[in-house]
Amino acid sequence: WDNADFSRGVGTTFYQEFSTLNTAKPPFVRDVEAKVQRYMRSSYSAAWTLKITWEKAPVYAAWTDTRKTITYQAVLTTDGFRSYILMLYQDGGMQWDYTRLASTNVLIGYT
C-alpha cells in the first residue's frame, strides 16, 4: 500500500458522474457495462456510474521525488441492486518505485 501526495502541486484528481437512469448512456458507460458483463458473465445495465481519475499522482512523500508519477482510475457503478468497481492503471501498471517502501508486500487494489 502507498499513498499519493499532491502537496507539491504536482498531479491532479478529478471525477465525472454519470446518472443514466432513464437517460441515454454515453459511450463510457456502455463500455463499463460491457466490461462488467464480460468479467462477471451476467447481464448488467448501469443506473449510476462515477469515474475518479488521479492524473500524474506522485508517491508520498512528494518532497523526495515528483518525477515518478502514476495515472489511474477507479470506476464505481451500480444498477441499484449490484455494485462494482473497476481499477484501471496506465499501460505498464503502477510506476512508483515499490523497492523504496517500508513494506515489501505490495498489492494493487482495494479492501
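All values derive from a computational prediction rather than experimental measurement. (Residues numbered from 1 in each chain as written. Predicted model: local features only at pLDDT ≥ 70, side-chain atom pairs only at ≥ 80, totals over all residues. Heavy atoms only, no water.)

**Overview of the overall build of the protein chain**
Each helix and strand in the protein chain was counted, giving 1 helix and 4 strands. The N-to-C order of helical and strand elements in the protein chain reads β-α-β-β-β. Within the protein chain, the fraction of its 111 residues that count as buried is 30%. Of the contacts made within the protein chain by residues no fewer than 6 positions apart, 60% connect residues no fewer than 24 positions apart. Summed over its atoms, the accessible surface of the protein chain is roughly 7,700 Å², and 53% of this surface lies on carbon and sulfur atoms. (Helix = DSSP H or I, 4+ residues; strand = E, 2+ residues; numbered from the N terminus. Buried < 20%, exposed > 50% of the residue type's maximum accessible area, 1.4 Å probe, protein only. Contact = heavy atoms within 4.5 Å. Areas by Shrake-Rupley, 256 points an atom, 1.4 Å probe, with all protein chains shown as cover.)

**A look at the side chain of Lys 51**
With respect to the helices and strands, the residue Lys 51 is situated in strand E2 (residues 48-58). Despite its burial, Lys 51 pairs with no opposite charge; the closest candidate is Asp 31, at 9.3 Å N-O. Apart from the residues within four sequence positions on either side, Lys 51 is in contact with Phe 14, Tyr 15, Gln 16, Phe 18, Phe 28, Gln 73, Ala 74 and Val 75. (Lys, Arg positive; Asp, Glu negative; His and termini not counted. Salt bridge = Lys/Arg side-chain N within 4 Å of Asp/Glu carboxyl O.)

Bear in mind that shape data such as this cannot, by itself, settle questions of function.
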